[in-house]
Amino acid sequence: MNTIDAARPNRAGDAGQPGRDLRGWWTAITVLLTAAFFVEAIFAGSLLSGVNWARRAHAAMAMILVASALTAGLTGLVTLRGIPHGPRLGLTLLSLAGAAFVQAALGALSAKGANLTWIHVPLGVALVILAGLAALSARRLGDAD
């Protein structure tokens with residue numbers, strides 16, 4: 001056994017600890033959110049390439065992402081409040097929802113002619129990263145450290 005294996009907790013034997021049984025569900029939810037934010041970036045690229053349907057898909061997906069992140073964040077704050085790393089996951093998801101809302105507002109203003117694409121695009125990249133951080137946070141649910 002090397003030092004990395006010795007430092008890694010035995011996940012199979014930890015199933016009875018608070019949060020461990022929820023870790024799989026929250027990991028799946030956050031990974032799906034991360035994938036959805038990445039798909040939104042694909043819709044954005046299609047829109048910028050002149051694909052006709054991409055504008056509607058990009059706008060619809062933005063609303064779905066805001067609602068999904070908000071729902072996940074509120075649910076996480078309520079259901080994970082006594083679990084190690086649970087409140088952090090809930091707050092990360094609420095931050096993701098807030099940033100996605102700002103992103104959607106910037107996108108709507110850009111679509112109406114405002115010169116905001118310069119901030120809309122990098123914020124989209126940051127949203128994919130923040131969603132990935134939420135997925136990493138979900139993998140720590142129930143860990144004592």
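Bear in mind that the values here come from a model prediction, so they are computed numbers and not experimental data.

## Some remarks on the overall build of the protein
So, step 1. Regarding its fold elements, the protein presents five helices and zero strands.
So, step 2. Burial analysis of the protein (145 residues in total) assigns 34% to the buried set.
So, step 3. Relative to all contacts within the protein whose residues are 6 or more apart in sequence, the contacts with residues 24 or more apart total 68%.

## Observations concerning the environment of Ser-110
So, step 1. Inspection of the secondary structure assignment puts Ser-110 in helix H4 (residues 86-111).
So, step 2. Classification of Ser-110 by relative accessible area gives buried; the value is 17%.
So, step 3. Here the alpha-carbon distance between Ser-110 and His-120, two residues 10 residues apart in the chain, equals 8.2 Å.
So, step 4. If we ignore the near neighbours within four places in the chain, the residues touching Ser-110 are Leu-116 and Thr-117.

## Considerations on the packing of helix H3 (residues 54-79) against H4
Think of two packed helices as two axes; the pair is described by the angle between the axes and how far apart they sit.
So, step 1. Running from N to C, H3 and H4 point in directions that differ by 155°, and their axes come no closer than 8 Å. Judged by the inter-axis angle, H3 sits roughly antiparallel to H4. Considering the relative orientation of H3 and H4, their crossing is left-handed. Here H3 contributes Arg-55, Ala-62, Met-63, Val-66, Ala-69, Leu-70, Ala-72, Gly-73, Leu-74, Gly-76 and Leu-77 to the contact with H4, which in turn contributes Gly-86, Pro-87, Gly-90, Leu-91, Leu-93, Leu-94, Leu-96, Ala-97, Ala-100, Phe-101, Ala-104 and Ala-111.
So, step 2. Class assignment for the residues of the contact of H3 with H4 results in 18 nonpolar, four polar and one charged.

## So, a nonpolar patch on the surface
So, step 1. Together, Val-125, Ile-129, Leu-133 and Leu-136 make up an exposed nonpolar region whose accessible area comes to about 390 Å².
So, step 2. With respect to the helices, strands and loops of the structure, Ile-129 is situated in helix H5 (residues 117-138).

## Points about the layout of surface pockets
So, step 1. Roughly 680 Å³ of volume is contained in the largest pocket.
So, step 2. In terms of lining residues, the largest pocket is bounded by 26 residues, among which Glu-40, Ala-44, His-58, Gly-107 and His-120 are the most central.
So, step 3. Taken together, the elements giving at least two residues each to the lining of the largest pocket come down to helix H2 (20-48), H3, H4 and H5.
So, step 4. Along the lines of polarity and charge, the residues of the lining of the largest pocket split into 17 nonpolar, seven polar and two charged.

## Digging into the side chain of His-120
So, step 1. Along the polypeptide, His-120 turns up in helix H5.
So, step 2. Residues in contact with His-120, not counting those within four places in the same chain, are His-58, Gln-103, Leu-106 and Gly-107.

## Comments concerning the packing of H4 against H5
So, step 1. It is at 9 Å that the axes of H4 and H5 come closest, and there the two elements cross at 160°. Viewed along their axes, H4 and H5 adopt a mutual orientation that is roughly antiparallel. Relative to H5, the crossing made by H4 is left-handed.
So, step 2. Tallied by class, residues from the contact of H4 with H5 come to 14 nonpolar, nine polar and one charged.

## Topic: the pattern of salt bridges
So, step 1. According to the stated counting rule, one finds one salt bridge in the structure shown.
So, step 2. The residue Arg-23 makes a salt bridge to Asp-143 at a minimum N-O spacing of 2.6 Å. Here Asp-143 lies in the segment after H5 and Arg-23 lies in helix H2, a separation of 120 residues in the sequence.

## Quick notes on the nonpolar core
Side chains of a nonpolar character, in soluble globular proteins, are inclined to be buried together.
So, step 1. Formed by 23 residues in total, the largest nonpolar core has its most connected members in Trp-26, Phe-37, Leu-89, Leu-93 and Leu-96.
So, step 2. Elements that contribute at least two residues to this core include exactly H2, H3, H4 and H5.
So, step 3. In terms of residue count, H3 provides more of this core than any other element does, six residues in total.
So, step 4. For Leu-93, the contacting residues outside a window of four places in its chain are Trp-26, Thr-30, Leu-33, Ala-69, Ala-72, Gly-73 and Ala-134.

Criteria and cut-off values
- Residues numbered from 1 in each chain as written.
- Predicted model: local features only at pLDDT ≥ 70, side-chain atom pairs only at ≥ 80, totals over all residues.
- Heavy atoms only, no water.
- Helix = DSSP H or I, 4+ residues; strand = E, 2+ residues; numbered from the N terminus.
- Buried < 20%, exposed > 50% of the residue type's maximum accessible area, 1.4 Å probe, protein only.
- Contact = heavy atoms within 4.5 Å.
- Axes fitted to C-alpha atoms, helices over the stretch in contact; angles between N-to-C directions.
- Parallel < 35°, antiparallel > 145°, perpendicular 65-115°, else oblique.
- Left-handed = near helix turned anticlockwise from the far one by under 90°.
- Nonpolar A, V, L, I, M, F, W, Y, C, P; charged D, E, K, R; others polar.
- Patch = residues over 30% accessible without salt bridge, like charges linked within 9 Å, V, L, I, M, F, W, Y side chains within 5 Å.
- Areas by Shrake-Rupley, 256 points an atom, 1.4 Å probe, with all protein chains shown as cover.
- Salt bridge = Lys/Arg side-chain N within 4 Å of Asp/Glu carboxyl O.
- 1 Å grid on protein atoms, 1.4 Å probe; cavity = no way out; pocket = protein on both sides within 12 Å on 5 of 7 lines; lining within 4 Å.
- Points joined across faces, edges and corners; volume = space filled by probe spheres on them.
- Core = buried A, V, L, I, M, F, W, Y, C linked by side-chain atoms within 4.5 Å.

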